Amino acid sequence: MIELYYWPTPNGHKISIALEEMGLEYEVKPVNIGAGDQFKSDFLSFSPNNRIPAIVDFDGHDGAPVTVFESGAILLYLAEKTGMLIPQDRRKQIVVKEWLFWQMGGFGPMLGQAHHFNYYAPEKIDYAMDRYSNEANRLYGVLDKRLSASPFVGGDEYSIADIAILPWTRTYKRQRVDIDSYPHVKVWREKLGNRPAIIKGMQVGANWREDLKDLSPEEFKKLFMIEK
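Just so you know, these numbers come straight off a predicted model, no measurement behind them. (Residues numbered from 1 in each chain as written. Predicted model: local features only at pLDDT ≥ 70, side-chain atom pairs only at ≥ 80, totals over all residues. Heavy atoms only, no water.)

## Considering the overall build of the protein chain
Link 1 in the chain: The helix and strand inventory of the protein chain stands at 9 helices and 4 strands.
Link 2 in the chain: Secondary structure elements of the protein chain occur, N-terminal to C-terminal, as β-α-β-α-β-β-α-α-α-α-α-α-α.
Link 3 in the chain: Scaling as 2.2 N^0.38, a compact globule of 228 residues should have a C-alpha radius of gyration of about 17 Å, and the protein chain matches this with 18 Å.
Link 4 in the chain: By its C-alpha atoms, the protein chain is 50 × 45 × 25 Å across when sized along the principal axes.
Link 5 in the chain: A buried classification covers 50% of the 228 residues belonging to the protein chain.
Link 6 in the chain: Long-range pairs, those at least 24 residues apart, make up 65% of the contacts in the protein chain with a sequence separation of at least 6.
Link 7 in the chain: Just so you have it, the protein chain exposes about 11300 Å², and 51% of that area is on carbon and sulfur atoms.
Link 8 in the chain: Positive and negative charge centroids in the protein chain, built from 28 and 31 side chains respectively, lie 4 Å apart. (Helix = DSSP H or I, 4+ residues; strand = E, 2+ residues; numbered from the N terminus. Rg over C-alpha atoms; globule rule 2.2 N^0.38 Å. Buried < 20%, exposed > 50% of the residue type's maximum accessible area, 1.4 Å probe, protein only. Contact = heavy atoms within 4.5 Å. Areas by Shrake-Rupley, 256 points an atom, 1.4 Å probe, with all protein chains shown as cover. Lys, Arg positive; Asp, Glu negative; His and termini not counted. Charge placed at Lys NZ, Arg CZ, Asp CG, Glu CD.)

Below you can see the structure in the form of structure tokens.
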């Protein structure tokens, strides 16, 4: 059994999708990031960066429970545990890991900033909106070029690289991205969007989702570490 500490965000969706794809038994433990649950001491004991997702796997490789935080590390852990969603060929593995870390180091953070400054920021700062939206579009261009040469991000096989990247494209409009400008990304999104495990994984906790603009000033401050 795996406990998934989760909230319905792009990083949370990565893990719910992976668990569904792998057919692993899991129990969702909600971490309400609007209410500040991510700062509670019991959660911080195994997720010290006060971010979701995190997992506790009670069936670790040595028979003892294993905790893992950071969505990329969790995806690698689950892929290595099951032998699924990652190629067995070492050279092909390298490519999947390259794109996984591309998402972790750039695609996710930059799109997150574009989303924040375009949609949530209480003060609209043209420089910040342009800076992050331009970078978001540059990264979509990188992804589009990759998908023009390969059916999946990591190569010929669907992998954890696709799972890591896909949820971040859900709110492309709030990132000021015209998805029609990236036709290969558009086709890839539509293709993956029909996978039953992705549909199910994206629905986990959907009833908890709320527009963060509706948070109270105190909740907004807890989440974004700024005054509203």
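## Things to note about the environment of S159
Link 1 in the chain: For S159, the position within the fold is in the loop between α5 (126-149) and α6 (160-165).
Link 2 in the chain: Here S159 falls in the buried class, since its relative accessible area comes to 1%.
Link 3 in the chain: In the structure, S159 is positioned 23 residues away from A136 in sequence and 22 Å away in space, judged by C-alpha atoms.
Link 4 in the chain: Once residues within four sequence positions are removed from consideration, S159 is found in contact with L85, V96 and G154.

## Observations concerning the packing of aromatic side chains
Link 1 in the chain: Tallied over the entire structure, the rule returns 12 aromatic pairs.
Link 2 in the chain: Ring centres of Y6 and W208 lie 6.4 Å apart, and the angle between their planes is 65 degrees; this geometry places the pair in the edge-to-face category. Here W208 lies in the loop between α8 (196-203) and α9 (217-224) and Y6 lies in strand β1 (residues 2-6), a separation of 202 residues in the sequence.
Link 3 in the chain: Judged by its relative accessible area of 0%, Y6 is buried. (Phe/Tyr/Trp six-rings, centres within 6.5 Å; stacked < 30°, edge-to-face > 60°.)

## Structural notes on α5
Link 1 in the chain: The end-to-end C-alpha separation of α5 is 35 Å, in line with the 34 Å expected for 24 residues at 1.5 Å each.
Link 2 in the chain: Among all positions in α5, only A128, M129, S133, E135, A136, L139, Y140, L143, D144 and L147 are buried.
Link 3 in the chain: Residues of α5 that are buried sit in contact with α4 (90-120), α6 and α7 (183-192). (Expected span 1.5 Å × (residues − 1).)

## A few points about the packing of helix α3 (residues 71-82) against α4
Link 1 in the chain: Where α3 meets α4, the axes come as close as 10 Å, and the angle between the chain directions of the two elements is 155 degrees. Considering the angle they form, α3 stands roughly antiparallel to α4. Contact residues: S71, G72, L75, L76 and E80 in α3; K97, L100, F101 and M104 in α4.
Link 2 in the chain: For the contact of α3 with α4, the per-class residue count stands at 5 nonpolar, 2 polar and 2 charged. (Axes fitted to C-alpha atoms, helices over the stretch in contact; angles between N-to-C directions. Parallel < 35°, antiparallel > 145°, perpendicular 65-115°, else oblique. Nonpolar A, V, L, I, M, F, W, Y, C, P; charged D, E, K, R; others polar.)

## Structural notes on the pattern of salt bridges
Link 1 in the chain: Across all of its chains, the model carries 9 salt bridges by this definition.
Link 2 in the chain: Between E135 and R138 there is a salt bridge, and its shortest N-O distance comes to 2.8 Å. With E135 and R138 both in helix α5 and 3 residues apart, this pair spans about one turn of that helix.
Link 3 in the chain: Note on E135: relative accessible area 16%, which makes it buried.
Link 4 in the chain: Within the structure, one salt-bridge network assembled from shared partners comprises D57, D59 and K81. (Salt bridge = Lys/Arg side-chain N within 4 Å of Asp/Glu carboxyl O.)

## Brief notes about the confidence of the model for the protein chain
Link 1 in the chain: When pLDDT is averaged along the protein chain, the result is 93, and 92% of the positions lie at 70 or above.
Link 2 in the chain: Low confidence marks residues 224-228, where pLDDT is under 50. Its contacts with residues over four positions away, or in another chain, come to 15 contacts. (pLDDT = per-residue confidence, 0-100.)

## Here we look at the nonpolar core
Link 1 in the chain: By size, the foremost hydrophobic cluster in this structure holds 53 residues, and its most contacted members are I55, L78, F107, Y140, L143, I160 and W188.
Link 2 in the chain: Not counting chain neighbours up to four residues away, the residues in contact with L143 comprise W102, F107, V153, I165, V185 and W188.
Link 3 in the chain: Judged by nonpolar contacts, the second largest core, of 9 residues, contains Y5, V31, I52 and V56. (Core = buried A, V, L, I, M, F, W, Y, C linked by side-chain atoms within 4.5 Å.)

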